[in-house]
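# Structure assessment
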Amino acid sequence: MKMGSNTAVVGLQWGDEGKGKIVDLLTAEHDYIVRYNGGANAGHTVVVDGKKYALHLIPSGILSPEKYCVIGNGVVVDPEKLLEEIESLEQRGVTVADNLKISDRAHVVMPYHKEHDAALEKVLSSSAGQTDKNLSIGTTKRGIGPAYADKVHRSLAIRMGDLLDPDHLRSKLRVICAIRTRELDALGLDTPPLDPTVLADSLLRMGEKLKPHIVDTVYTLHEAIDDGKTILFEGANACLLDIDHGTFPYVTSSNCSTLGIPSGTGIPGRNIDQVVGIMKAYTTRVGEGPFPTEELTETGDRIRERGNEYGTTTGRPRRCGWLDLVAVRYSAMICGTTSLACMLLDVLSTFDELKICTAYKLPDGTVTDRFIPDAHRLPSLTPIYETMPGWSEEITDATDRETLPPEARHYLERIEAITGLPIDIISVGPDRAQTVRSSPAAGAVG
Ligand code: GDP
Ligand code: IMO
Ligand code: MG
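Residues numbered from 1 in each chain as written. Chains lettered and ligands numbered in written order. Predicted model: local features only at pLDDT ≥ 70, side-chain atom pairs only at ≥ 80, totals over all residues. Heavy atoms only, no water.

On to the domain arrangement of the protein chain, then. Annotation of the protein chain at the domain level lists domain 1 (7–102 + 216–444) and domain 2 (107–212). Opposite the 30 residues of domain 1 that make contact, domain 2 presents 24 residues. Taking both partners together, domain 1 and domain 2 bury about 2200 Å²; carbon and sulfur atoms supply 62% of that area. Interface area lost by domain 1 to domain 2 is led by Val 76, Pro 79 and Leu 83, which between them contribute 24%. (Domains from an automatic or database assignment. Contact = heavy atoms within 4.5 Å. Buried area = accessible area lost by both parts, 1.4 Å probe.)

If you want it as structure tokens, here you go:
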């Protein structure tokens, strides 16, 4: 890892790869930690000295009080959830003051976005029999899709800066509430009409509390770069959930790959010096959508129990399966990944055999090593596996790559050989301390 440069941390699978842990770890080497996409659909866990923090909107660098955390313009902010998060961090002694900046251009997740998200999911899942596919996505119901839809739709969108402008907000909400009430009715929600005065009062109260944090973060970040400060970009969600490059339509509504960084922060791509791709040693997914290496077997259950694979945001059990390196290689390519962090390796201890998917067989019998980010075609592919021996001992106390069991080292070397990327970080437990950092020279390739 090069010191003194800007780094992106990005998930290479379907989320929950352990990005929060690595952002917290790399915070020490950067000055600004910046979220560029997503919203409170993210759940990033950081464990320090046995104390666990789950972050949803605030960057995972917040536990280091001398660093600046920035919520960029590409994030959709639920002010209610943000205030709850600030309060719960402060109650635990974490400072959230001048060290948190929020873009005045970040879009606001409104209460009606969350209602719309949940109502649409319900309508779609109850209409399952009418189509050959389940059209519900299994969203987190955090209002993410409707908030981004409003951003693209423009006229009905509210941005964080609007919470500081009472007249503008009130007049806009009068129009919005009338339209939104009709739309929610159409989705079968029998709720009372939205009251623009009540909504504006509540948003303005929240705006008042958040005012010290709301700034033009594009200038904040450019000035920081001009001053020689370094930036750590924290991806939320993951590349295979990217609206353009993921398994559409079973994706989220933002560019979660590193391609979202320039638009979501105002910092050009040439300022990103290195990209750490975060991958689990196996694969998980929450919600609907294709997952070629999913194990709907005892193996999947075993991974779930050993890895405690239950959602950080929704508590849902995560779907589990073998490592899909076709998918990881695709994501690594899109994200411009320069090194890998291999997470949760400890979960694979005690398996007799491990499998890595290296290619797919198409229905016509041909074999491809290309990922097909198309939810209609992906389920018809059969994974082709490389099988290798597992290891029996627990590795949660490992501090050095060389002292890992030979089978674990072999597993890592195969990942490096197949992806062509060095694994610079190996994670063997949730705690910040349970991390093995291999020097580039220790990697099989580089
Ligand atoms: P994120 O969304 O990418 O930040 O990941 P999440 O926090 O949603 O999920 C990762 C889960 O794995 C969290 O519960 C972490 O505490 C946990 N975790 C991270 N690294 C490791 C590891 O190496 N081993 C184990 N057993 N758990 C880990
Ligand atoms: P982190 O940052 C895992 C999934 C949801 C659903 C789909 C769309 O913790 O890795 P949305 O609410 O965004 O409209 O849901 O995307 N999803 C995630 N899955 N980790 C996440 O974030 C996710 N963010 C969204 O489960 O399938
Ligand atoms: Mg998560």
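A separate point is the packing of aromatic side chains. Going through the model one piece at a time under the given rule, you end up with 6 aromatic pairs. Ring plane angle 70° and centroid distance 6.0 Å describe the contact between Trp 322 and Phe 351, whose orientation is recorded as edge-to-face. A residue pair is termed long-range when its members are at least 10 positions apart, and Trp 322 in the loop between β13 (319–321) and β14 (323–324) and Phe 351 in the loop between β15 (339–343) and β16 (353–361) qualify at 29 residues. By the burial criterion, Trp 322 is buried, and Phe 351 matches it. Geometrically, the ring pair formed by Tyr 360 and Phe 371 is tilted, given 6.4 Å between the ring centres and 50° between the ring planes. In this pair, Tyr 360 sits in strand β16 while Phe 371 sits in the loop between β17 (367–368) and β18 (382–389), placing the two residues 11 residues apart along the sequence. (Phe/Tyr/Trp six-rings, centres within 6.5 Å; stacked < 30°, edge-to-face > 60°. Helix = DSSP H or I, 4+ residues; strand = E, 2+ residues; numbered from the N terminus. Buried < 20%, exposed > 50% of the residue type's maximum accessible area, 1.4 Å probe, protein only.)

As a further point, take the environment of Ala 157. Inspection of the secondary structure assignment puts Ala 157 in the loop between α4 (144–153) and α5 (166–186). C-alpha of Ala 157 to C-alpha of Ala 147: the two residues are 10 residues apart in sequence and 7.7 Å apart in space. Apart from residues lying up to four places away in sequence, Ala 157 is in contact with His 107, Asp 150, Lys 151, Asp 162 and Lys 172.

Now for the side chain of Ser 427. As for its position among the elements, Ser 427 is in strand β19 (residues 423–427). Those residues in contact with Ser 427 that lie beyond four places of it in its chain are Lys 21, Cys 342, Met 343, Leu 344, Leu 345, Asp 346 and Gln 434.

Time to look at the site of ligand 1. Taken together, 19 residues form the shell around ligand 1, and within it Lys 19, Gly 43, Thr 45, Asp 346 and Ser 427 come nearest. A distance of 2.8 Å separates a nitrogen atom of ligand 1 from a polar side-chain atom of Asp 346. Out of a free accessible area of 580 Å², ligand 1 has 93% covered by protein chains. A total of 3 residues in the shell around ligand 1 trace back to one element, the largest contributor, which is helix α1 (residues 19–27). Of the residues that constitute the shell around ligand 1, the class distribution is 5 nonpolar, 8 polar and 6 charged. (Near = heavy atom within 4 Å. Polar contact = N/O pair within 3.5 Å; in protein donor to acceptor, adjacent residues only side chain to side chain. Areas by Shrake-Rupley, 256 points an atom, 1.4 Å probe, with all protein chains shown as cover. Nonpolar A, V, L, I, M, F, W, Y, C, P; charged D, E, K, R; others polar.)

With that settled, the discussion passes to unusual backbone geometry. The peptide bond linking Phe 248 to Pro 249 adopts the cis configuration, its omega dihedral lying at 5°. Its location among the elements puts Pro 249 in the loop between β10 (231–234) and α8 (260–265). Despite not being glycine, Asn 237 shows a phi value in the positive range, around 60°. You can see Asn 237 is positioned in the loop between β10 and α8. Judged by its relative accessible area of 8%, Asn 237 is buried.

In this section: the coordination of the magnesium ion (ligand 3). Under perfect tetrahedral coordination by four donors, a metal shows angles of 109.5 degrees; under perfect octahedral coordination by six donors, it shows angles of 90 or 180 degrees. The protein atoms donating to the magnesium ion (ligand 3) are Asp 16 (OD) and Gly 43 (O), with metal-donor distances spanning 2.1 to 2.2 Å. On the criterion of sequence distance, the pair formed by Asp 16 in the loop between β1 (7–11) and α1 and Gly 43 in the loop between β2 (32–35) and β3 (44–48) is long-range, its members being 27 residues apart. (Donors = N, O, S within 2.8 Å, 3.2 Å for Na, K, Ca; no water.)

Attention shifts here to the sheet that holds strand β7 (residues 100–103). Read across the sheet, 10 strands follow the order β9-β7-β5-β2-β10-β1-β11-β15-β19-β20 without closing on themselves; strand pairing throughout is mixed. Of all the strands in the sheet, the pair left with one neighbour each is β9 (214–215) and β20 (435–437). Sheet topology places strand β11 (residues 274–280) next to β15; 5 bridges connect them, and they run parallel. Paired with Lys 280 across the bridge in β15 is Met 343. Contacts from helix α7 (residues 217–226) reach β2, β5 (68–71), β7, β9 and β10, with the element oriented near 145° to β2. (Pairing = 2+ DSSP bridges. Axes fitted to C-alpha atoms, helices over the stretch in contact; angles between N-to-C directions.)

Further remarks concern the site of ligand 2. Surveying the vicinity of ligand 2 reveals 20 residues, the closest of which are Lys 19, His 44, Thr 140, Asn 237 and Thr 252. Between ligand 2 and Thr 140, the relevant distance is 2.5 Å, taken from an oxygen atom to a side-chain nitrogen or oxygen of the residue. Thr 252 is positioned such that a nitrogen or oxygen atom in its side chain is 2.6 Å from an oxygen atom of ligand 2. Residue composition of the shell around ligand 2, by class: 7 nonpolar, 10 polar and 3 charged. A domain split of the shell around ligand 2 shows at least three residues from each of domain 1 (7–102 + 216–444) and domain 2 (107–212).

Direction vectors running N to C along helix α10 (residues 325–335) and helix α11 (residues 406–419) enclose 50°, while the axes themselves pass 10 Å from each other. Judged on the interaxial angle alone, α11 and α10 are oblique. In this structure, α10 meets α11 at a crossing whose hand is right-handed. Only Ile 415, Ile 418 and Thr 419 of α11 make contact with α10, whose side of the interface consists of Leu 325, Val 328 and Arg 329. (Parallel < 35°, antiparallel > 145°, perpendicular 65-115°, else oblique. Left-handed = near helix turned anticlockwise from the far one by under 90°.)

One pass over the structure, following the stated rule, counts 19 salt bridges. In this structure, the salt-bridge partner of Asp 16 is Arg 318, at a minimum N-O distance of 3.0 Å. Residue Asp 16 is found in the loop between β1 and α1, and its partner Arg 318 is found in the loop between α9 (298–307) and β13; the two are separated by 302 residues along the sequence. Classification of Asp 16 by relative accessible area gives partly exposed; the value is 23%. Here Asp 301 ties to Arg 304 by a salt bridge, and the two come within 3.0 Å at their closest N and O atoms. With Asp 301 and Arg 304 both in helix α9, this residue pair falls 3 residues apart, about one helical turn. What makes Asp 301 partly exposed here is its relative accessible area of 41%. Residue classification places Arg 304 among the buried positions, given a relative accessible area of 16%. Counted as one network, the salt bridges with shared partners bring together Asp 16, Lys 280, Glu 309 and Arg 318. (Salt bridge = Lys/Arg side-chain N within 4 Å of Asp/Glu carboxyl O.)

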